[in-house]
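Chain residues, written in single-letter form:
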Amino acid sequence: MFLISCPWCGERDQTEFHCHGEAHIARPENSLEMDDAAWGDYVFFRKNVKGVHLERWTHDHGCGRWFNAARNTATDEFLAFYKPGEAPPADLERVS
Amino acid sequence: MTQDNRLPAGGLIDRSRTLSFEFDGKTYTGHPGDTLASALMANGVTLLGRSFKYHRPRGLLAAGSEEPNALIQLERGAHTEPNTRATAIELYDGLNACSQNRWPSLKYDIGVVNSWLSRFFPAGFYYKTFMWPERLWMTYEHVIRRAAGLGVSPRLPDPDRYEHRHDQPELLVVGAGPAGLAAALSGARAGKRVVLVDENPQLGGSLLGSRDTIDGQSALDWVAGVRAELAEHPCVRVLTRTTLTGYFDYNYLIATEHVTAHLGPQASDDLPRQRLWKFRAKSVVLATGAIERPLVFADNDRPGILLASAVRTYQHRFGVLPGRRLVVFTNNDSAYSTAIDAASAGVAVTLVDCRDTAGDAAERGADAAGVTRMMGSAITGVSYRNGLQSVDVMALSADGTRVDGPVQKVPCDSACSSGGWNPAVHLHSQAKGKLRWLEDTHTYAPAACASTMPHSSVGACDGEFSLDQALNAGWAAGGATGPAPSAERVASIGALRPLWVVPCDHPVGEGPKKHFHEFQNDATAADLWLAQREGFESIEHTKRYTTTGMATDQGKTSNVNAIGILASSRGITVPEVGVTTFRPPYTPLTFGAIVGQNRRHLFHMVRKTPIHDWQADHGAVFEDVGDWKRARYYPKPGEDMDAAVRRECQAVREGVGLFDASTLGKIDLQGEDVAWLLDMLYTNAWGGLAVGKCRYGLMLNEHGMVFDDGVTTRVAENHYHMTTTTGGAARVLGWIEEWLQTEWPDKRVHATSVTEQWAVMALNGPRARAVLEALTEDDVSNDALPFMGFKEIQLAGVPARVFRISFTGEQAFEVNVPARYGRFVWEQMVAAGAAHDMVIYGTETMHVLRAEKGFIIVGQDSDGTMTPSDLDMDWIVSKKKADFLGKRSLTRSDTSRDGRKQLVGLLSEDPSLVLPEGAHVVSELRAAPPMPMIGHVTSSYFSPNVDGGRSIALAVIQGGFKRKGDWVDLPLIDGRRVRAKVVDPVFVDAAGERVKS
């Protein structure tokens, strides 16, 4: 079971959290001008990386806040936790 | 019976007290400190079970939790527990145990014919034999399960209590042998919060069966000193009888503490039977020791043949030896101490060593103790008849593949073997740690750790077999300064000669003798070779095909032997074969421990409305809706559900009814951007909603699929009250938070769940207003409070919010009062309603009434693949709004195509037939399935209000809108074929006048 550092609360058990998949997918502002393929890419397609994955988490049974995490999907090692709107740490790819 | 095999002295047992116990109906005696295994050995009972596949007689192999053979059905009735290991059961007075997997009795077991037919039970037997005909598999499985069973599951509810506990030690030490004790002591002196766990009832591990000295005192005295010092430290927790069973990510470990097992089933009610510990440890030290592996020789599974270290443990810990004439068979020096110690106790010992020479100290010790040594030799056969009679010994060839010369028969009543030592790397392996092969001791030891589960292995589990180095490594891992405890350095294994399969007088696998490497699942060296010949190269495939290591012991004594056998026959090195992965649990754990205290009323939370108790008092029948208990209907005496629901349905349409809608999801929205947010969340336009007005809306996900609906009301300028479905409340709040936090953080909206803050009572029916007016002086006329209006009033002296919204199509008022007034106002309404013959109705009637109006229930009539168009609700999708969640998906090629399933009404040809929900609508009836399915029934009820009483249904059917007026076929699951007419889904008041009255 993971030990997760909520950026607001600190280290807590994984049972308090929920993962919501890939992070940094901005909602298109011009959706009506997008063709089906481009919109479908936003709605349906996600990365399936072996290595560093930037993903969204919520601290459901805690502060209720959303945040992002960088996790190596091959080792389950968390490399960073950061708040929404913040950029992921720059040197993540090297870590993996 | 007398304890004939008990030595006159020695052992850590309390000889002053005698315990009585029963095994297979016979009564025996033992002493406190015994295990069931040692007590049975003391009484000369060697036959303890029948093997899994061949039903061969089996006895003890080990003295610890690695025991593969002696699986016991412990106790009877509700307390019975199958597959417990005799070596792990502490003896208590009155203990009752039975052997397993035998019929009619252990001595005369009919399943032994499997052994005579063994050439027909090769590796992969089940895969090869029971493949076809497929229809017979169920029969085969039944027979296999009975023939190859283990113990019997309890049939009564578990009467015992279990609990979970959490702890966060800075240092978790697993194993209280010399290395573990040194680590725990060192950690304690360094001021750490230490937890030390060990599966045995007392600390000491291997020291309990040794004659070593540490820091100048006897090992047992040193252990007693450490125990006393650890007890002094306030931050140290020592848990005995506690097995670390699982090692998970980020140093999360679980352990089962057997709190009362040693007291028997009648232990105190104040104590849980088992306690499951959940540790999150800063650092972990594994000091789990090593497990001896047997030599794989002819008929090495006969009762009375043990591991050499087990014999030593039985002698020193329990004061018992398996016989008077012992043969020790070894390929290393460690078994010499077994021979020497047994000989010192007066037993006649013959030592068969496959090497030509052993270490000097070992040889000298054996000779001095009077042990007969047969060097360069091997056991090639075992004579067994109701007990061990003798073993055959022959000279072993230099390359270890043949035996030569005359057969020497060595009479004996017991034997043991040592094929080397396997560090107990199970927890390291569970923690995704890598292994390295040690060339000198021919065994696997821990290598690199995974980054998420940092730990260190010390002592024998690290492949370090000398006592002095174990103490040093443990001490260093604990973190204390100061000198480590020290012991004399004794070479324990010496030069090991790998001998993975011991040859015999016929080619292995081709004669009557069997060479077992895997005892619990009955797999032999010949099975491994067969798997290899059939092309199973990967060790993981071989493991599954031969079932090696897949029994409840996870191959603690068998896995490395299997790998060695494969390596030697393939002519490659052991590391080239690879290793299988150990997985949790280390030893089986009970469902009780896993569940802990979370059973019965603690298993699942129940949510009740403020009116629940009144409903219970008035005969409501409840149903579960999510976590909620909801009143489903209120039967009068003599009424079944159908009768009650018909009465309730008619009364609402003709008079008035009262319904508890408190479970409805409610979200309070405040802030200057709420209107903007609602425009994004709902498909319709919200900009023009005036204060005091309500509006219905559909929510879509970004796929364009309906996921919730409800009414939102503008309470004040920047203050809205949103309602959701009962089941969707948490999901909708999460949805709002997701967008506000991640995509629109600049928007000023506060969203708060107020589901439990308001009690909601729905008055429905033509006389609803009359009931309300009896309780308020405020104006609730149609002008003052029209349909889709909202007003705050005083109701029965209580501040109330009243919404003119309706889920029945009747004149309706949803009255919200603070939850603490819920029951009071409800009772006032019931009293006021009496004059109007008001009925109290439940969720079943609510369902019928809304279906009569064609109102959907999200999640029942829709399933996550329905767009507003599919539900014939285009009217609620704004064409003008620039954007809302899901909008773009509504024009995707797939969501806008023809032939999608669409919501329609269905009227069955027979008006008394209520179609089963889920029934398939097919385009063509055929004699038998499959038939082309074009849709299914989503809601179906008997309506007393349509056509004087008939069945109605909602369904989703491909191209359903264009089929209205057509007849469709439904083959029902009971074989009937029925027809129904596709109609508009609004069955009552199609013009929608009544709701506005």
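Residues numbered from 1 in each chain as written. Chains lettered and ligands numbered in written order. Predicted model: local features only at pLDDT ≥ 70, side-chain atom pairs only at ≥ 80, totals over all residues. Heavy atoms only, no water.

A. Representation of the overall build of chain B. Helix and strand counts for chain B come out as 23 helices and 51 strands. Computed over its C-alpha atoms, the radius of gyration of chain B comes to 38 Å, more than 25% above the 30 Å expected for a compact globule of 997 residues. In terms of overall dimensions, chain B has a C-alpha envelope of 115 × 70 × 55 Å along the principal axes. Expressed as a percentage of its 997 residues, the buried residues of chain B come to 58%. The long-range fraction of contacts in chain B, counting pairs at least 24 apart against all pairs at least 6 apart in sequence, stands at 65%. Carbon and sulfur atoms make up 52% of the accessible area of chain B, which totals about 40,600 Å². Measuring between centres, the 104 positive side-chain charges of chain B sit 3 Å from its 115 negative side-chain charges. (Helix = DSSP H or I, 4+ residues; strand = E, 2+ residues; numbered from the N terminus. Rg over C-alpha atoms; globule rule 2.2 N^0.38 Å. Buried < 20%, exposed > 50% of the residue type's maximum accessible area, 1.4 Å probe, protein only. Contact = heavy atoms within 4.5 Å. Areas by Shrake-Rupley, 256 points an atom, 1.4 Å probe, with all protein chains shown as cover. Lys, Arg positive; Asp, Glu negative; His and termini not counted. Charge placed at Lys NZ, Arg CZ, Asp CG, Glu CD.)

B. Inspection of the packing of helix α12 (residues 525–533) of chain B against helix α14 (residues 559–570) of chain B at higher detail. All names here are of chain B. Contact geometry of α12 with α14 gives a least axis separation of 10 Å together with a crossing angle of 55 degrees. Taken together, the axes of α12 and α14 are oblique relative to one another. Read as a crossing pair, α12 and α14 show a hand that is right-handed. Seen from α12, the contacting residues are A525, L528, W529 and Q532; seen from α14, they are A562, I565, L566, S569 and R570. Here the contact of α12 with α14 is built from residues that sort into 6 nonpolar, 2 polar and 1 charged. (Axes fitted to C-alpha atoms, helices over the stretch in contact; angles between N-to-C directions. Parallel < 35°, antiparallel > 145°, perpendicular 65-115°, else oblique. Left-handed = near helix turned anticlockwise from the far one by under 90°. Nonpolar A, V, L, I, M, F, W, Y, C, P; charged D, E, K, R; others polar.)

C. Molecular detail of the interface of chain B and chain A. Chain B puts 28 residues into the contact, and the matching count from chain A is 26 residues. Buried area between chain B and chain A, summed over both chains or domains, comes out near 2,400 Å², and the portion from carbon and sulfur atoms is 47%. The tally of links between chain B and chain A comes to 6 salt bridges. Here R27 of chain A and E702 of chain B are joined by a salt bridge, their closest N and O atoms 2.6 Å apart. (Buried area = accessible area lost by both parts, 1.4 Å probe. Salt bridge = Lys/Arg side-chain N within 4 Å of Asp/Glu carboxyl O.)

D. Inspection of a nonpolar patch on the surface at higher detail. A cluster of nonpolar side chains, namely F591, I594 and V595 of chain B, defines an oily patch on the protein surface of about 310 Å² accessible area. Under the relative-accessibility criterion, I594 of chain B is labelled partly exposed at 45%. (Patch = residues over 30% accessible without salt bridge, like charges linked within 9 Å, V, L, I, M, F, W, Y side chains within 5 Å.)

E. Region of the structure containing the packing of aromatic side chains. Summed over all chains, the structure comprises 26 aromatic pairs over all chains. Note on F2 of chain A and F78 of chain A: the rings are 5.2 Å apart at their centroids and 85 degrees apart in plane angle, and the pair reads as edge-to-face. In this pair, F2 of chain A sits in the segment before β1 (3–6) while F78 of chain A sits in strand β6 (residues 77–82), placing the two residues 76 residues apart along the sequence. Taking the relative accessible area as the measure of exposure, F2 of chain A reaches 9% and is therefore buried. For the ring pair W614 of chain B and W826 of chain B, a centre distance of 5.6 Å and an interplane angle of 70 degrees mean the geometry is edge-to-face. (Phe/Tyr/Trp six-rings, centres within 6.5 Å; stacked < 30°, edge-to-face > 60°.)

F. Inspection of the side chain of N521 of chain B at higher detail. Position of N521 of chain B relative to the elements: it lies in the loop between β31 (516–518) and β32 (523–524). Sequence-distant contacts of N521 of chain B, that is, excluding residues within four places in its chain, are made with F52, T547, M550 and A551 of chain B.

G. Structural detail: unusual backbone geometry. Residues and elements named next belong to chain B. Omega for the peptide link from P584 to P585 comes to 0 degrees, which places this bond in the cis form. Structurally, the position occupied by P585 is in the loop between α15 (574–577) and α16 (591–595). Of note, the phi angle at N251 is positive, near 50 degrees, even though the residue is not glycine. Inspection of the secondary structure puts N251 in the loop between β14 (242–248) and β15 (252–258). When its relative accessible area of 2% is taken as the criterion, N251 is described as buried. A positive phi angle is found at N386, which is not glycine, with a value near 50 degrees.

H. Region of interest: the environment of T712 of chain B. With respect to the secondary-structure elements, T712 of chain B resides in strand β38 (residues 706–716). For T712 of chain B, the residues in contact, after removing those within four places along its chain, are L678, Y682, W686, L689, K693, C694, R695, Y720, H721, M722 and T723 of chain B.

I. Structural detail: the side chain of T380 of chain B. Residue and element names in this part refer to chain B. With respect to the secondary-structure elements, T380 resides in strand β23 (residues 377–384). By relative accessible area, which is 1% here, T380 ends up buried. The residues touching T380, leaving out its near neighbours within four places in the chain, are A298, D392, V393, M394, V403, P503, C504, D505 and K513.

J. Inspection of the sheet that holds β15 of chain B at higher detail. Residue and element names in this part refer to chain B. What the 4 strands build is an open sheet, ordered β8-β16-β15-β14; its pairing is mixed. Of all strands in the sheet, those with a lone pairing partner are β8 (162–167) and β14, marking the two edges. Ignoring strand direction, the axes of neighbouring strands in this sheet form an average angle of 20 degrees. Pairing between β14 and β15: 6 bridges, direction antiparallel. In the strand pairing of β15, F248 is matched with Y252. (Pairing = 2+ DSSP bridges.)

K. Looking closely at the sheet that holds strand β4 (residues 52–58) of chain A. Within the open sheet, the 4 strands sit side by side as β3-β4-β5-β6 (chain A). Their pairing is antiparallel. The open sheet terminates on both sides in strands that have one partner only, identified here as β3 (18–22) and β6 of chain A. Geometrically, the sheet is characterised by an average inter-axis angle of 35 degrees between neighbouring strands, direction not taken into account. Across 5 bridges, strand β5 (residues 66–72) of chain A lies against β6 of chain A in antiparallel orientation. Note that in β6 of chain A the partner of R71 of chain A across the bridge is F78 of chain A. Along the sheet, helix α20 (residues 729–742) of chain B makes contact with β4 and β5 of chain A, crossing β5 of chain A at roughly 80 degrees.

L. Geometry of helix α18 (residues 641–654) of chain B. Residue and element names in this part refer to chain B. Relative to the 20 Å expected for 14 residues at 1.5 Å per residue, α18 spans 20 Å between its end C-alpha atoms, a close match to the ideal helical length. Within α18, the full set of buried residues consists of A644, V645, E648, C649, V652 and R653. What you see down the axis of α18 is that its buried residues fit within an arc of 155 degrees, all on one side. (Expected span 1.5 Å × (residues − 1). Arc of directions from axis to C-beta.)

M. Summary view of the nonpolar core. Residues and elements named next belong to chain B. Counting residues in hydrophobic clusters, the biggest one holds 56 residues, and the most contacted among them are F21, F23, L36, L95, Y314 and V349. In terms of residue count, the dominant contributor to this core is helix α1 (residues 36–42) (6 residues). Counting residues in hydrophobic clusters, the runner-up holds 37 residues, among them L700, L890, V956 and V983. (Core = buried A, V, L, I, M, F, W, Y, C linked by side-chain atoms within 4.5 Å.)

N. Structural context of the pairing of strand β25 (residues 403–411) of chain B. All names here are of chain B. As judged from the 6 bridges shared by strand β24 (residues 388–396) and β25, these two strands associate in the antiparallel manner. When the bridges of β25 are listed, V391 appears paired with V410. Linking β24 back to β25 in an antiparallel pair, the connection comprises 6 residues, with G400 at a positive phi of about 80 degrees.

O. Representation of the pattern of salt bridges. What the rule picks out here adds up to 57 salt bridges over all chains. Between R189 of chain B and E229 of chain B there is a salt bridge, and its shortest N-O distance comes to 2.8 Å. Here R189 of chain B, found in helix α5 (residues 178–189), pairs with E229 of chain B, found in helix α6 (residues 219–232); they are 40 residues apart in sequence, far enough to count as distant. Beyond isolated ion pairs, a larger network of salt bridges with shared partners links E55, R71 and D76 of chain A together with D249 and K432 of chain B.

P. Here's a closer look at the environment of G433 of chain B. Residue and element names in this part refer to chain B. The topology assignment puts G433 in the loop between α10 (426–430) and β28 (435–438). Owing to a relative accessible area of 14%, G433 belongs among the buried residues under this scheme. Through-space distance from the C-alpha of G433 to that of A447 is 6.7 Å; in sequence the pair is 14 residues apart. In contact with G433, not counting residues within four places along its chain, are H428, A448, C449 and A450.

Purely geometric numbers; function is a separate question.
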